[in-house]
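Structural overview for review
Now for the letters of each chain:
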Amino acid sequence: MASIILTTLNGRYTHSSLGLRYLYANLKELQSIATIKEYVINEKIQDIVEDLLKDSPKIIGIGVYIWNASDVGELIHILKKISPKTKIILGGPEVSYLPFRVNMDKADYIIQGEGEIPFYELCKDILEEKEIIKKIFLPKLYDLKDIKFPYEYYDDNDIKNRYIYVEASRGCPFSCEFCLSSIDKEVRNFDIDQLLNDFQILWDKGVRNFKFIDRTFNLDIKLANRLLDFFLSKEEHFTTHFEVIPDHFPSELRERIKQFPPHSLQLEIGIQTLKKDIARNIRRNLNIPKIKENLAFLEKETNAHIHLDLIIGLPGESVESFGENLDYLCSLSNSEIQLGVLKKLSGTTLNRHDELYGMVYSDIPPYDILANNMIPFPKMQEMKRFARFWDLVYNSGNFTKTFALLVENRSVYETFYDFSHWLYMQTYSTWQISLDRLAQFLFDYLTTIQKIEQQKVADILVADILKVGGRKLPSFLRKYSEITSSFDKVQIETKQKRQQKRTE
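What comes next is a walk through the structure.

**Remarks on the pattern of salt bridges**
A complete count under the given rule lists 30 salt bridges for this structure. Across the pair Arg170 and Glu116 runs a salt bridge, and its minimum N-O distance is 2.7 Å. With a gap of 54 residues between them, Arg170 in strand S8 (residues 169-170) and Glu116 in helix H4 (residues 116-127) connect regions that are remote in the sequence. This pair shows no difference in class: Arg170 is buried, exactly as Glu116 is. With its nearest N and O atoms 2.8 Å apart, the salt bridge here joins Arg256 to Asp229. Residue Arg256 is located in helix H8 (residues 251-257), and its partner Asp229 is located in helix H7 (residues 221-232); the two are separated by 27 residues in the primary sequence. It is possible to trace a salt-bridge network through shared partners that takes in Glu114, Glu116, Glu167, Arg170 and Arg188.

Written out as structure tokens, the structure reads:
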């Protein structure tokens, strides 16, 4: 029976909580009476409560994040109704900064910032029935040498079914106003030798997917090189994901990135805006020549999968300015471009723009922008739908050739804005649109609105759909093609090759 339960609600089953494993790893002698229980958002809260209380725990520690804050608020409410004597300790980004916009009043204690050491100390005091005066434990930076690594506590089920999150450093030296990482400006690195030793243990256990949560992987090039060398030494297939700054790729880093085979290295690059005045306004560095140079290098000389970020709704940025950003970024890169909507997180300094730019945000997670004096609410709604449809059509990779036809010789932003508006008028929804249905909408738009010849559109859609094995053509396309499935495509190509050999 566990006296201490560590829990959270992850965004998906395939996600795992690195934070819970850190807490568990640092419980010392209390580890034997502790356990980890992970759930997923949208599970029934009462069912979660029932499971948590099976062993009548004395302490429940809950990780609170932007995606689960509302669910955690309800979870605390029901836990205290059923088991009022159970002590509830909260931690995580969503309770580390004021104001709290979800009511967490019924929690007994809140640990802000790094929790590994204070959580152990608090649990020990609770179990020893010591008097505890404080309810909120303020953030404090600890020596990373005193924090035990958590990686041995990823179990076989995690390795088989979930992303494995890791980190080599904490903190970020930059001051981007929309980001919580900018609050902790002191960058601290974990001991690289010990870290690589733990990574080797993970590798030996079968981990082949390492997702780094560091905010600026390529800040410390010596550290970055050691990590890249670790993965380059491996012969089996793997994937690793890093978040990088776009203007810092010195030659020694480039040489290593060029060595990674296809499908092994993923780089997430925060662009956010390409307007110098907007970047300056949110205290973000912006070196466009370097961005252009480094994107060209990554696109042309490496096998890295690139994920670029742009933000909709930044203070002072109109939709026209955002559209220019998107057009320019698409001219520089064919990579995935994630269109995020600005969120006002507690602890950031975005509120200094509220009056000047008329910034209006939701107070309900994820605290996204609703309107400002340059983008009224109806237009902001359209931009959010734009971002969703962009994911379905462009970022999904399902319609690469079709998308190119859609925007050929046109402004990417203006063309896709028109398409997304038209698409919403057909669906009145941004969700539950199947691949076949989306293909039909693309066909209809290209042939009726853009007046492109039907057979040409059909041929391109067929090429997109059948590039993935196991797919079948939607019924509306079958009259345009003798190929009706990816199996047929292989059969026909084989037949054509045989005929060609006979004629040679």
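**Description of the sheet that holds strand S13 (residues 305-312)**
Read from one edge of the open sheet, six strands run S7-S10-S11-S12-S13-S14, paired in parallel fashion. Every other strand in the sheet has two partners, leaving strand S7 (164-166) and strand S14 (336-341) as the edge strands with one partner each. Neighbouring strand axes in the sheet, compared pairwise and without regard to direction, differ in orientation by 25 degrees on average. In this sheet, strand S12 (residues 265-272) lies alongside strand S11 (residues 239-244) in parallel orientation, the contact comprising five bridges. Bridge assignment links His241 to a residue of S12, and that residue is Gln266.

**Thoughts on helix H2 (residues 45-52)**
Here H2 has its buried residues at Ile45, Ile48, Val49 and Leu52. The buried residues of H2 occupy one face: seen down the axis, they fall within an arc of 100 degrees. Within H2, the exposed residues directed more than 90 degrees away from the buried face are Gln46 and Glu50.

**Notes on the nonpolar core**
Counting residues in hydrophobic clusters, the biggest one holds 122 residues, and the most contacted among them are Phe199 and Trp390. In terms of residues, this core owes the most to one element, helix H13 (residues 377-395), which gives nine residues. Membership of the second largest hydrophobic core comes to 30 residues, among which are Ile5, Ile45, Leu90 and Val102.

**Considerations on the packing of helix H14 (residues 400-407) against helix H17 (residues 454-465)**
Two elements in contact, H14 and H17, have axes whose closest approach is 7 Å; the angle formed by their N-to-C orientations is 145 degrees. On H17, the residues that touch Thr400, Lys401, Thr402 and Leu405 of H14 are Lys456, Val457, Ile460, Leu461, Ala463 and Asp464.

**Regarding the sheet that holds strand S3 (residues 59-63)**
Reading across the sheet, the six strands line up as S2-S1-S3-S4-S5-S6 and stay open at both edges, with parallel pairing between neighbours. At either end of the open sheet lies a strand with only one pairing partner, and these are strand S2 (34-40) and strand S6 (136-137). The sheet contact formed by strand S5 (residues 109-111) and S6 spans two bridges and is parallel. Note on S6: the bridge partner recorded for Ile110 is Ile136.

**Section: empty space enclosed by the protein**
To locate leftover empty space, one rolls a probe as large as a water molecule over the atoms. Taken as a whole, this structure holds two cavities of 30 Å³ or more when the rule is applied. In this model, the largest cavity occupies a volume close to 60 Å³. As for the largest cavity, its lining consists of Ala168, Ser169, Val187, Asn189, Asp214, Thr216, Phe217, Leu219, Asp220, Leu223 and Leu227. Partitioned by chemical class, the residues of the lining of the largest cavity number six nonpolar, three polar and two charged. Size it by volume and the second largest cavity reaches roughly 50 Å³. Around the second largest cavity sit Glu382, Arg385, Phe386, Tyr417, Ser420, His421 and Tyr424, which together line it. Counting residues per element, the ones that place at least two in the lining of the second largest cavity are H13 and helix H15 (412-427). Counting residues per element, the lining of the second largest cavity draws most heavily on H15, at four residues. For the lining of the second largest cavity, the class distribution of residues is three nonpolar, two polar and two charged.

Criteria and cut-off values
- Residues numbered from 1 in each chain as written.
- Predicted model: local features only at pLDDT ≥ 70, side-chain atom pairs only at ≥ 80, totals over all residues.
- Heavy atoms only, no water.
- Salt bridge = Lys/Arg side-chain N within 4 Å of Asp/Glu carboxyl O.
- Helix = DSSP H or I, 4+ residues; strand = E, 2+ residues; numbered from the N terminus.
- Buried < 20%, exposed > 50% of the residue type's maximum accessible area, 1.4 Å probe, protein only.
- Pairing = 2+ DSSP bridges.
- Axes fitted to C-alpha atoms, helices over the stretch in contact; angles between N-to-C directions.
- Arc of directions from axis to C-beta.
- Core = buried A, V, L, I, M, F, W, Y, C linked by side-chain atoms within 4.5 Å.
- Contact = heavy atoms within 4.5 Å.
- 1 Å grid on protein atoms, 1.4 Å probe; cavity = no way out; pocket = protein on both sides within 12 Å on 5 of 7 lines; lining within 4 Å.
- Points joined across faces, edges and corners; volume = space filled by probe spheres on them.
- Nonpolar A, V, L, I, M, F, W, Y, C, P; charged D, E, K, R; others polar.

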